[in-house]
Amino acid sequence: MNYRPSLMCDICRERFLPTQATTTRCVRCTRVLLPTVRPRWEDSNGIQFREGSFAQKIGFQRPSPSKMVSKNFTTLNSTPSAWEAAPPRVTNRPNKRALICGVSYKKGKHKLNGTFNDVKNFRDLLIDNFGFRPDNILVLSEEEQDQRLMPTRKNIVEGLQWLVQGCQSGDSLVFYFSGHGLRQPDFSDDELDGFDETICPVDFMEAGMILDNDINRIIVSPLKEGVTLHAIVDACHSGTILDLENVYDKQKKEWIDNCPPSKKCKGTKGGLAISISACDDAEFAADTSEFSSGKTMNGAMTYLLIDAIRTGQSNASNITYGDLLDKIYRQIEQVTRTGCFGNATVLRGLFGKKIIQKPQLSASKRFKVYEKEFIL
C-alpha cells in the first residue's frame, strides 16, 4: 500500500502537503499549525495516521457499516427517530431531550465491548426512572443501520446541536457518551493543566476528535436561564470534558475554581450545566464485567452510576449528587483494592495500562452536593 505525507488543520479539516517551513498556515481558515504538529500519513483509501502513532502501527481501519450490524438487532431509536423530527413540546411541562452515543471501534485493536450495553442501560434508565419519552431520545451507535445514526464526528456534532436547539426554561437535557477519550496539548491558554480533553468518534482517525472546547461552545454556552444540562461521559481523561468553571474536590468536600488562564468565558447564558465523568483528566476509565459477575461488559462508571440511582430511588427518595459519588467511589475502591479487575477489563484510554479511576463532578454553578437531588 502506498503512503503519502499530508497535514490536516484541526479546525476546518483542510488537507494539504507539508513544507520544509517550521510553521504552516492553513490555506482555508488561516490557522497556524505549530512545529509540534507531526505530519499525518494517508493511505490509498484516504485513511490518515499520525507518523509513529499507535494507529499506524496496528493498522487501524475505518469501520465498515455493513459488517457492524447484528442480524438480530432492533434499533434503539423511535420511528421516525428524534433525529428526523424535533420532540413535541407540551404546555406547562418541562421538556426532556437526550443524546446518547456509544462507540465500540469494532475494526480497531482497541475495541470496546461494553459501550453498546452502556447505551441500552442508560436509555432504559432515562425512560424507566426519569420519564423520558423514547421519541425524545436520539441514540448514535455502530449497531444502527441508518448512516445518520452512526457515531461519526459529523453526526455527534449535529446531535449536540440538536440537543440544545430551541432550549427554553424548564428543559432537562442529557448528553451521554461511552467510548474512548484522549487529551492533547492546549495552545489557547484555556486549560489549567495545559491539555485539551477529547472524545473519540468512530471515525476519529479520519475526521478528528471532538475537543472539550467544541463541546462547551455547542451545548454549554447556549443554555438559557431555567435550562438544565447533564453530561455523563464514560471515557478516559474526561474529568473536565465540558470545560465547566467549577470542579468538585471530593476529598476536601468543596468546589474549586477551573476558570481558564486566558479568562475566556466558559459559562452559560444563565442555565445550569452539570457533568459527571468517569475519571480525572489524567486518569483512565475501565470497561469491565466484574460488577455484573462476569455476565456482561460495561463501563465501570456507567454500571455503578445506574445501580446507585436505582437503589436510591427504590428507597423512596432521589439520591443526592454527593451520595451518588460516594457510592461509586466505594465500589471502585473496593474492587481496585481487592484486585478484582481481571483479564475481562479493558481500558477506555488508548495508551494506558494501570487502572486508576475516580469519577469527577463539575458544574457551571456551585451547589450543595449533599442536599441537591440528582434528577434528570
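Quick caveat: nothing in here was measured; it's all calculated off a predicted structure. (Residues numbered from 1 in each chain as written. Predicted model: local features only at pLDDT ≥ 70, side-chain atom pairs only at ≥ 80, totals over all residues. Heavy atoms only, no water.)

### Comments concerning the nonpolar core
If you look at the biggest cluster of nonpolar residues, it comprises 44 residues, and the most contacted ones within it are Phe122, Leu126, Ile276, Leu305, Leu324, Leu361 and Phe374. Leaving out residues up to four positions away in the same chain, Phe122 has contacts with Ile100, Val174, Tyr176, Ile232, Leu305, Ile306 and Leu376. One finds Cys101, Leu149, Leu173 and Leu244 within the second-largest nonpolar core, a separate group that totals 41 residues. (Core = buried A, V, L, I, M, F, W, Y, C linked by side-chain atoms within 4.5 Å. Buried < 20%, exposed > 50% of the residue type's maximum accessible area, 1.4 Å probe, protein only. Contact = heavy atoms within 4.5 Å.)

### A closer look at the confidence of the model for the chain
It should be kept in mind that the predicted coordinates are not to be read in detail where pLDDT is low. Per-residue pLDDT for the chain averages 76, and the proportion of residues at 70 or more is 69%. For residues 33–70, every residue scores under 50 in pLDDT, and the model assigns this stretch 104 contacts once sequence neighbours within four places are set aside. (pLDDT = per-residue confidence, 0-100.)

### As for the pairing of strand E11 (residues 195–199)
In terms of burial, E11 is largely enclosed, as four of its five residues are buried. By the bridge criterion, five bridges tie strand E10 (residues 181–185) to E11 in an arrangement that is antiparallel. Across the sheet, Leu182 pairs through a bridge with Thr198, a residue of E11. Relative to strand E12 (residues 210–211), E11 is paired through two bridges, and the arrangement is antiparallel. Its bridge partner being in E12, Ile199 is matched across the sheet by Ile210. (Helix = DSSP H or I, 4+ residues; strand = E, 2+ residues; numbered from the N terminus. Pairing = 2+ DSSP bridges.)

### Here we look at the sheet that holds E11
Strand pairing in a sheet is mediated by backbone hydrogen bonds. Such pairs are either parallel or antiparallel. Strand order across the open sheet formed by three strands is E10-E11-E12, with antiparallel pairing between neighbours. Two strands close off the open sheet at either side, each with one partner strand: E10 and E12.

### A short note on the pairing of strand E20 (residues 360–363)
Remark: a regular strand shows side chains that alternate across the two faces of the sheet. Across the two faces of E20 the burial is the same, with Gln360 and Ser362 and Leu361 and Ala363 all buried. Bridge count between strand E16 (residues 272–277) and E20: four bridges; the pairing is antiparallel. Across the sheet, Ser277 pairs through a bridge with Gln360, a residue of E20.

### Digging into the side chain of Asp203
Mapped onto the fold, Asp203 is located in the loop between E11 and helix H5 (204–207). Buried and unpaired, Asp203 has Arg153 as its nearest opposite-charge partner, separated by 6.9 Å. Once residues lying within four places of it in the same chain are set aside, the contact partners of Asp203 are Thr152, Arg153 and Gly208. (Lys, Arg positive; Asp, Glu negative; His and termini not counted. Salt bridge = Lys/Arg side-chain N within 4 Å of Asp/Glu carboxyl O.)

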